[in-house]
Amino acid sequence: MSRISDEQVRAEVRAWLAANWDPEMSLVTWRNKLADSGWGMPQWPEAWYGRGLPVGLARVVEEEFANVGAVSVAKSGVRLLAAATLLEHGSDLQKKKFLRRILTGEDTWCQFFSEPGSGSDLAGATTRADLVGDHWIINGQKVWTTSAHHADHGLLLARTDWDAPKHEGMSFFVIDVKQPGVDVQPLKQMNGHASFNQVFFTDAIVPAENLVAGVGDGWKVAMTTLAHERRGADGLNPPSKRGARLGRIHAEERSELETANQPYKWYPQRAGRVDLVFERAKETGANKDPYVRQEIAKLMIMAKSAEWTARRARAAQQHGRPQGPEGSLGKLAASNVARSCAHVHTLITGAEAMLAGPGSPRDGIIAEILVSVPATSIAGGTDEIQRNIISERVLGLPKEPRFDTGPFRNVRKN
Amino acid sequence: MSASDESRVEPARRIQFAFTDEQEQFRSALRRFLKDKSPTTEVRRLMATAEGYNPEVWRQLSEELALPGIPIPEQYGGAGFGMVELCIVTEELGRALLCAPYFSTTVLAANAILNAGTEAQKSSLLPDLASGARLATLAVTELSGHWDPREIELVATPVVNGYLLDGVKSYVVDGHIANLLIVAGRVPASVGHEGLALFTLSANSEGVQRRLLESMDPTRKLARIDFHGAHADLLGSVDDGAKPLIRTLDQAAIALANEMMGGAQALLDSAVDYAKLRVQFGRTIGSFQAIKHKLADMLLDVELAKSAAYCAAQACAVEDPEWPALACLAKAAASETYLRTAAECIQIHGGIGFTWDNDTHLWFKRAKSSEVFLGQPSYHRELLMQRWGV
Ligand SMILES: Cc1cc2nc3c(=O)[nH]c(=O)nc-3n(C[C@H](O)[C@H](O)[C@H](O)COP(=O)(O)OP(=O)(O)OC[C@H]3O[C@@H](n4cnc5c(N)ncnc54)[C@H](O)[C@@H]3O)c2cc1C
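Quick summary incoming for the structure in this document. Only a predicted model underlies this, so the values are computations on that prediction, with no experimental measurement involved.

Some points on the packing of helix α10 (residues 330-349) of chain A against helix α12 (residues 383-394) of chain A
Residue and element names in this part refer to chain A. Close contact between α10 and α12 brings their axes to 9 Å; oriented N to C, the two are set at 145°. Our pair here, α10 against α12, has a crossing hand that is left-handed. Packed against α10, whose contacting residues are Lys 331, Leu 332, Ser 335 and Arg 339, the element α12 presents Asp 383, Gln 386, Arg 387 and Ile 390 at the interface. Classifying every residue of the contact of α10 with α12 gives 2 nonpolar, 2 polar and 4 charged.

The structure is reproduced here in structure tokens:
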């Protein structure tokens with residue numbers, strides 16, 4: 001493929017935006033235009049709403065969108081994980097059915113992986129899928145499912161063969177969440193929010209065409225989703241700067257984000273809001289304390305280094321170099337940053353760190369940062385699991401001893 | 001974070017986050033050379049000598065690889081590369097612990113001349129440094145051991161044909177072998193950044209007394225130099241004397257951060273190799289999670305600090321306005337990471353790690369001396385906060 005330059009892409013997208021971007025359009029109309037033109041997901045293949053551009057050039061497109069204040073495709077929640085998974089493993093029919101509505105934001109998704117008996121050990125799932133005629137019948141329980149109460153569709157990992165070894169007996173489905181037999185019950189978290197749920201499946205139906213890849217391929221497909229999830233966690237970018245954005249489309253996007261992000265309301269706080277630290281230090285006068293200054297500097301050094309490490313990984317990829325260790329380190333770095341950020345916010349806040357709610361510093365945001373931090377090192381694979389992955393796959397150390405081989409039926413469970 | 005705060009910590013988009021293919025090739029060639037010339041047996045032999053380097057290897061790295069000329073423009077006999085290439089060199093030297101007067105001659109002295117010197121001075125002084133024919137160093141710190149230029153007390157009194165230096169410099173890297181000394185001093189009755197300037201003189205000048213100090217890290221030789229009315233020339237001018245000095249120290253901090261990352265990587269590699277070999281309880285220790293997780297954390301630590309070191313080098317190379325702040329950031333990150341990596345590497349080696357025969361302590365000592373050299377992490381963190389305006 002001949003290399004397209006930054007400048008060519010920049011010029012092209014700029015011209016397209018000049019001709020098409022109109023903040024008075026409806027959000028769905030605009031996003032359908034994005035899907036049709038391929039400018040919404042430029043790194044996706046041309047056949048599926050993209051332009052087949054390298055990742056580096058996709059960022060150039062993002063910059064041009066930001067320059068004119070144009071709204072992007074819907075990106076919040078599990079949507080893009082679902083999209084990436086389907087793009088890689090889905091049938092054409094599944095891509096046709098689901099991808100466009102993911103980009104336009106008309107559908108919301110969730111991820112039915114964890115179960116009460118299997119979190120870190122995801123392949124221990126016991127939710128079952130049994131083929132009856134041309135339908136799969138689902139029975140079992142999932143837990144910690146973020147956004148299940150908003151979701152239209154879920155990515156579901158279920159067991160289809162109890163006699164195969166554990167990793168080989170699972171299959172991957174797309175399930176309609178708003179159907180009979182799917183019972184979503186909110187779970188209250190330690191920060192008081194209820195963004196995750198427990199979900200009970202009783203004879204819930206999945207049409208055969210919603211099986212992703214083949215029977216028994218579930219683990220392989222789930223790994224794609226998880227890889228994208230971890231990669232997403234490397235982005236320690238500050239929340240995008242959005243000035244006053246007028247026009248119908250922005251109003252619609254705000255209200256979409258309001259709903260979509262409602263379960264995630266506290267999520268920006270998970271990374272600890274590094275971006276607030278300088279501001280808070282100045283407004284409280286804590287910036288005059290030499291010890292606090294040292295701790296702020298330590299935090300910022302860690303946060304900036306983590307961000308640049310993610311950029312190095314992307315840059316290496318752009319140069320066509322094999323993925324270095326940088327790529328698998330982001331999630332672990334994010335938990336370290338989150339913890340250290342909470343520590344610094346506590347230092348800055350002092351006694352007021354004991355308060356919560358509207359009367360407390362920054363209208364409760366600081367309190368929320370402090371009590372939301374443990375989520376980062378658990379959700380999406382715990383720190384310990386990340387360390388196992390790094391030590392085994394990057395450093396080449398021996399694998400953990402296994403006690404779960406042979407037919408899954410005979411493996412010890414919770 | 002307000003927009004201005006954010007731009008303050010966001011280097012410009014021009015910064016490259018990957019090395020070019022040419023830079024990677026240069027690195028591999030250098031690494032092969034060093035593998036050959038600087039095995040730890042050689043490091044151990046040289047660190048026990050007073051000179052602390054092998055003139056024949058210095059000649060080869062000067063002639064075959066043109067390393068001393070890396071940051072020096074071609075018009076002054078150098079190779080005309082920039083900060084990124086200089087940092088590739090220091091990273092590889094740090095990995096191999098090469099005993100050679102590179103940091104003193106090239107990183108400190110050549111940059112100081114480039115930053116401060118007049119056109120005539122650059123033309124007369126730099127070619128000999130670029131060719132490796134002449135060794136040089138920069139004397140900044142005094143008995144207080146501080147790297148903040150404002151603390152400098154050495155007095156340079158103007159006379160008819162130059163200046164007379166009076167005072168003491170200490171912790172001068174390779175001060176015992178350098179032929180050319182660049183000395184930071186101040187004109188009489190000046191304080192702070194005012195009145196600071198750099199001066200050059202031959203190490204053999206009258207009124208100069210040099211003494212090799214016994215250093216904890218014997219691969220980095222330090223000297224104390226006493227000046228009693230020694231005659232020196234002004235390098236550049238007194239007016240902006242502090243600026244070139246500060247710039248040189250910032251560049252040196254970046255080069256040192258990269259050097260430290262080379263060392264940290266060597267330690268990490270050695271810890272991983274050992275964990276795969278050493279058997280206890282019927283399995284390799286690398287199969288225990290306590291060790292696996294420690295190594296994963298060490299890798300994370302090293303990768304993050306490397307990103308900071310690389311980013312600072314890139315920022316300096318393109319003169320991004322943020323680069324002096326990033327120099328502090330990179331030096332602080334590298335200092336803590338290098339030392340932690342060294343300590344953990346010894347821990348993973350167990351008892352053998354604490355022996356003289358095991359090589360780990362060579363890097364451990366370099367990590368310790370580098371932590372302090374050019375300023376401790378706490379100093380750089382404070383400077384970072386000031387440069388960020390917090
Ligand atoms: C905020 C939040 C949102 C979430 N959202 C979703 C979601 O949308 N969908 C979904 O499917 N799941 C979701 N999860 C679940 C999450 O993926 C699991 O909680 C996580 O993977 C850990 O599993 P567990 O809770 O069963 O803990 P366990 O696996 O029981 O772990 C308990 C402890 O043992 C350690 N441990 C376990 N195995 C090992 C090992 N091999 N080596 C060393 N230590 C080990 C763990 O690190 C942990 O410290 C969410 C969790 C949180 C906190």
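Let's pick the thread back up.
Section: empty space enclosed by the protein
All names here are of chain B. On inspection of all chains with the given rule, the structure shows 5 cavities of 30 Å³ or more. A volume near 210 Å³ is recorded for the largest cavity. In terms of lining residues, the largest cavity is bounded by 19 residues, among which Leu 98, Ala 100, Tyr 102, Phe 103 and Arg 366 are the most central. Of all the secondary-structure elements, those providing two or more residues to the lining of the largest cavity are α5 (83-96) and α6 (102-116). A per-class count over the lining of the largest cavity returns 10 nonpolar, 3 polar and 6 charged. Lining the second largest cavity are Leu 108, Leu 138, Val 140, Thr 141, Trp 147, Ser 170, Tyr 171, Val 172, Val 173, Leu 249, Phe 373 and Leu 374. Taken together, the residues that form the lining of the second largest cavity break down as 10 nonpolar, 2 polar and no charged.

Things to note about the nonpolar core
Taken as a class, soluble globular proteins show a tendency for nonpolar side chains to be buried jointly. In this structure, Ile296(A), Tyr102(B), Phe103(B), Leu198(B), Ile254(B) and Leu295(B) are the most contacted members of the largest nonpolar core, which totals 141 residues. Ranked by residues supplied to this core, first place goes to helix α8 (residues 242-277) of chain B with 18 residues. With sequence-adjacent residues up to four places away left out, Phe103(B) is seen in contact with Leu108(B), Ala252(B), Ala255(B), Leu256(B), Glu259(B), Phe373(B) and Leu374(B). Judged by nonpolar contacts, the second largest core, of 48 residues, contains Val13(A), Leu34(A), Ala83(A) and Ala123(A).

Describing the pattern of salt bridges
Pairing between side chains becomes possible if they bear opposite charge and their charged atoms approach one another. Enumeration over the complete set of coordinates arrives at 55 salt bridges over all chains. Between Glu24(B) and Arg321(A) there is a salt bridge, with the nearest N and O atoms lying 3.7 Å from each other. Taken together, the residues Glu24(B) in helix α2 (residues 21-37) and Arg321(A) in the loop between α9 (290-318) and α10 connect one chain to another. Close ionic contact of Glu336(B) with Arg381(B) constitutes a salt bridge, the shortest N to O distance being 3.4 Å. Taken together, the positions of Glu336(B) in helix α10 (residues 323-349) and Arg381(B) in helix α12 (residues 377-387) put the pair 45 residues apart, joining distant regions of the chain. Judged by relative accessible area, which is 29%, Glu336(B) ranks as partly exposed. Counted as one network, the salt bridges with shared partners bring together Arg27(B), Arg31(B), Glu91(B), Glu92(B), Arg95(B) and Asp269(B).

Parameters and conventions
Residues numbered from 1 in each chain as written. Chains lettered and ligands numbered in written order. Predicted model: local features only at pLDDT ≥ 70, side-chain atom pairs only at ≥ 80, totals over all residues. Heavy atoms only, no water. Axes fitted to C-alpha atoms, helices over the stretch in contact; angles between N-to-C directions. Helix = DSSP H or I, 4+ residues; strand = E, 2+ residues; numbered from the N terminus. Left-handed = near helix turned anticlockwise from the far one by under 90°. Contact = heavy atoms within 4.5 Å. Nonpolar A, V, L, I, M, F, W, Y, C, P; charged D, E, K, R; others polar. 1 Å grid on protein atoms, 1.4 Å probe; cavity = no way out; pocket = protein on both sides within 12 Å on 5 of 7 lines; lining within 4 Å. Points joined across faces, edges and corners; volume = space filled by probe spheres on them. Core = buried A, V, L, I, M, F, W, Y, C linked by side-chain atoms within 4.5 Å. Buried < 20%, exposed > 50% of the residue type's maximum accessible area, 1.4 Å probe, protein only. Salt bridge = Lys/Arg side-chain N within 4 Å of Asp/Glu carboxyl O.

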